[in-house]
Amino acid sequence: MRSEILLVTLNSTYQHSSVGLRYLHANLQEFSSRSEILELTINQNPRDMAEKILIKAPKLVGFGVYIWNTKITEEVIRILRAVNSDLLVVLGGPEVSHEAQGQSIVELCDYVIQGEGDLAFYDFCKKWSEGQLPPDKIIKMSLPELSNLRLPYREYSDEDIQNRVIYVEASRGCPFRCEYCLSSLDKSVRNFPIDQFLGEIQILLDRGAKQFKFVDRTFNLSPSISHKILAFFLKQIDLGLFLHFEMVPDRLPDGLKSLIEQFPKGSLQFEIGIQTWNPAVAALVSRKQDFQLISQNLKYLREHTAVHTHADLIVGLPGETLSSFGSGFDALVALQPDEIQVGLLKSLKGTPIVRHNVEFKMVYQKEPPFQILQNKDLTFFELQRAVRFAKFWDLYGNSGHFLGFIEALKLYSTHRDHPSFFWEFFEFLEFIETRHAESHGISLINLFETAWNYLNLKWPEKTEYHRNLLIADLLRDKKRDIPKFLRPFY
């Protein structure tokens, strides 16, 4: 099928879907029948992607540009330009909405729509169809009134509902000013009309959708709205639903707690942005949070609900040393969230984190994903170790395969001169690095063998305990053959 207007983005994997493109298509009005969404992935060959675009014979192609797809999107556009120089190319998305001047991908395109383009792209297409293209390449848009938007959820196909993550949002914006986050640029939080939103979600439910990932930055900011959303889903929880929310960690009123308690295991996941446990660092990057309330809320979620908790920490914030990060990691481990995601600081375009560059000697990669390379408190080599720490923590601490092993390391860490689980795992990381040059492509059995060898090297007098512990871990989620190294006799 040929489409005059093609809306394209490169997702990180097939299972992800672009709610942004669906907003654009839902609001194209008379151009809707002349347009089409084309979702590709960053793992595809640029030539093949260009072929998929050109075979549609479009006159206008709009690309959604994000931190994970900028470079390969640029490669695709270069091929399109070489094959069809008459093609009109329009960019939008976070990666071109700030500091666009000088970007090579921007130099390749005809126009850039900066900001929320839900209605702006329609206005552009209308002018284009009338032969009245804008005089300026960069088109800066004011925020649209959310009640004027046609919601995008009917744009999800039956295949999407069956095979992809369904992204939804009940609000846009964030009231906080954390300097490393693009949401810090928002002036306020804007809510979609809640009844209209839930009506569209009901249609998705009726079509068989069961998993919803809310992209709201502050889902629980308004207790009345979050209560209404949770109550809506709770009435239909027997459908086997899974709901993911990003929540403000120190805001959990009693009315919301009583509702959360009613959700069964496996139905709720909260992504809880902690980022740093150091109050001085938090203040430095304008992050306001009450650590006492965070502790109380995480403890409450663990003891009184079936919520799966996913907490985030950032390495490389100005003023944060490896030691202070480790203390924060230990504090969070003690609160026992189900997962702790460790990420490296990024200098996203437009964010005010750059104001610390001189004082703290912040050095970042110049290319996506713009991660920190070093600063005055963390050397390049320490940050490299932190990257490997994060990857192996995912494999051992977050995977769910090594619950007993992790508990054993926690126990052993209490016998250190200065008890610290972070440094205990850091020592294990040093051992891992002697066995595995890379952190990818390691089989589960090899991970178990590494854990086995480490435990017995450090605490040889407890070999039988270690064997039983790792066999229990190995067989926890499925029946497996016991590998030779774990058998008592050879």
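Report follows, based on the coordinates. (Residues numbered from 1 in each chain as written. Predicted model: local features only at pLDDT ≥ 70, side-chain atom pairs only at ≥ 80, totals over all residues. Heavy atoms only, no water.)

Counting residues in each nonpolar core, the largest one holds 110 residues, and the members touching the most others are Phe212, Phe233, Phe329, Tyr396 and Phe405. Residues contacting Phe329, with those up to four places away along its chain left out, are Leu313, Ile340, Val342, Phe389, Trp393, Phe421 and Phe422. (Core = buried A, V, L, I, M, F, W, Y, C linked by side-chain atoms within 4.5 Å. Buried < 20%, exposed > 50% of the residue type's maximum accessible area, 1.4 Å probe, protein only. Contact = heavy atoms within 4.5 Å.)

This part takes up the sheet that holds strand 11 (residues 242-247). Spatial strand order, 7-10-11-12-13-14: 6 strands in an open sheet with parallel pairing. The strands lining the two open edges of the sheet, one partner per strand, are strand 7 (166-168) and strand 14 (339-344). The sheet shows a mean angle of 25 degrees between the axes of neighbouring strands, taken without regard to direction. As paired strands, strand 11 and strand 12 (residues 268-275) are joined by 5 bridges and run parallel to one another. Bridge pairing in strand 12 links Glu246 to Glu271. Docked against the sheet, helix 7 (residues 194-206) engages strand 7 and strand 10 (211-214), running at close to 150 degrees with respect to strand 10. (Pairing = 2+ DSSP bridges. Helix = DSSP H or I, 4+ residues; strand = E, 2+ residues; numbered from the N terminus. Axes fitted to C-alpha atoms, helices over the stretch in contact; angles between N-to-C directions.)

Here we come to the packing of helix 14 (residues 403-413) against helix 16 (residues 444-458). Viewed as axis vectors pointing N to C, helix 14 and helix 16 meet at an angle of 25 degrees, and their least axial separation amounts to 12 Å. In terms of their interaxial angle, helix 14 and helix 16 are classed as roughly parallel. The element helix 14 and its partner helix 16 pack so that their crossing is left-handed. Contacts from Phe405, Leu409 and Tyr412 of helix 14 reach helix 16 at Ala451, Tyr454 and Leu455. (Parallel < 35°, antiparallel > 145°, perpendicular 65-115°, else oblique. Left-handed = near helix turned anticlockwise from the far one by under 90°.)

The next point concerns the pattern of salt bridges. Applying the stated criterion across every chain yields a total of 36 salt bridges. Residues Glu200 and Arg154 are paired through a salt bridge, measuring 2.8 Å at the closest nitrogen-oxygen approach. With Glu200 in helix 7 and Arg154 in the loop between strand 6 (138-140) and helix 6 (158-163), this residue pair connects regions lying 46 residues apart in the sequence. Arg172 is paired through a salt bridge with Glu169; the nearest N and O atoms lie 2.9 Å apart. Bridged by salt links that share partners, the residues Glu116, Asp118, Glu169, Arg172 and Arg190 form one connected network. (Salt bridge = Lys/Arg side-chain N within 4 Å of Asp/Glu carboxyl O.)

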